[in-house]
Amino acid sequence: MGGWRRSGRRKHQRAALAAACWLGGATGLLGAVLTGCSSGPPAPGATGTSCGTTRTGANVPVRIEVEKGTVACATVLTVERDYAAMIDGGRVRGNGGGAPVTVDGWTCQGYATPATLRTGVASECHTASAEVAAVLSSPTASSSPAPSGS
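A short tour of the structure in this document, coming up. (Residues numbered from 1 in each chain as written. Predicted model: local features only at pLDDT ≥ 70, side-chain atom pairs only at ≥ 80, totals over all residues. Heavy atoms only, no water.)

The helix and strand inventory of the protein chain stands at three helices and six strands. Put simply, the protein chain runs from its N terminus to its C terminus through helices and strands in the order α-β-β-α-β-β-α-β-β. Counting all 150 residues of the protein chain, 33% fall into the buried class. If you take every contact in the protein chain between residues at least 6 apart in sequence, the share linking residues at least 24 apart comes to 47%. Carbon together with sulfur atoms contributes 58% to the accessible area of the protein chain, which is approximately 8,900 Å² in total. (Helix = DSSP H or I, 4+ residues; strand = E, 2+ residues; numbered from the N terminus. Buried < 20%, exposed > 50% of the residue type's maximum accessible area, 1.4 Å probe, protein only. Contact = heavy atoms within 4.5 Å. Areas by Shrake-Rupley, 256 points an atom, 1.4 Å probe, with all protein chains shown as cover.)

Right, dumping it as structure tokens:
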């Protein structure tokens with residue numbers, strides 16, 4: 001299971017590389033020394049892209065991000081919805097449904113709340129050639145009211 005926890009680091013490394021690529025392209029100073037920068041965005045369903053949004057078994061909105069490989073976004077969104085339904089229906093072992101389970105040929109696993117709050121990754125699903133993560137959507141100012149002082 002050690003490989004499951006690495007995606008948070010990969011996400012941050014990808015974000016840093018994307019920022020460096022943008023900076024290099026914008027200023028022209030770093031472009032010659034950076035490797036891994038592409039001339040355009042990745043293809044839909046390819047590593048580093050988002051397949052859209054869905055909700056967890058606890059009805060929390062998440063973005064489905066491709067961590068590895070190339071996937072059919074419609075397929076992984078269905079896998080994530082089926083996984084959430086299994087958790088909601090109590091068909092996944094573990095506290096809050098955290099145990100690994102097979103869903104439509106994918107292996108999915110949820111994470112404990114402290115890990116999710118630290119990394120933003122609520123769960124991950126993978127096959128031998130692909131991996132996707134359910135990442136918490138950023139709340140908007142209007143969706144989470146500030147607590148009152150009284």
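Having seen it, we continue.
In terms of burial, strand β6 (residues 131-136) is a largely internal element, five of the six residues being buried. Strand direction decides the pairing type here: strand β2 (residues 61-68) and β6, joined by six bridges, are antiparallel. Paired with Glu 65 across the bridge in β6 is Ala 133. Where strand β5 (residues 121-126) lies against β6, five bridges are found, and the strand directions are antiparallel. (Pairing = 2+ DSSP bridges.)

Inspection of the secondary structure assignment puts Gly 45 in the loop between α1 (7-27) and β1 (50-55). Given the relative accessible area of 0%, Gly 45 is considered buried. Residues Gly 45 and Gly 69, spaced 24 residues apart in sequence, show a C-alpha to C-alpha distance of 8.2 Å. Once residues lying within four places of it in the same chain are set aside, the contact partners of Gly 45 are Cys 51, Val 66, Gly 69, Thr 70, Val 71 and Cys 73.

As a further point, take the state of the cysteines. Taken as a whole, this structure holds two disulfides when the rule is applied. Across the disulfide from Cys 108 sits Cys 125; the S-S distance is 2.0 Å. Across the S-S bond linking Cys 108 and Cys 125, the dihedral sits near 115 degrees, which makes this disulfide right-handed. Note that Cys 108 is positioned in strand β4 (residues 106-110) and Cys 125 in strand β5, a separation of 17 residues in sequence. (Disulfide = S-S within 2.5 Å.)

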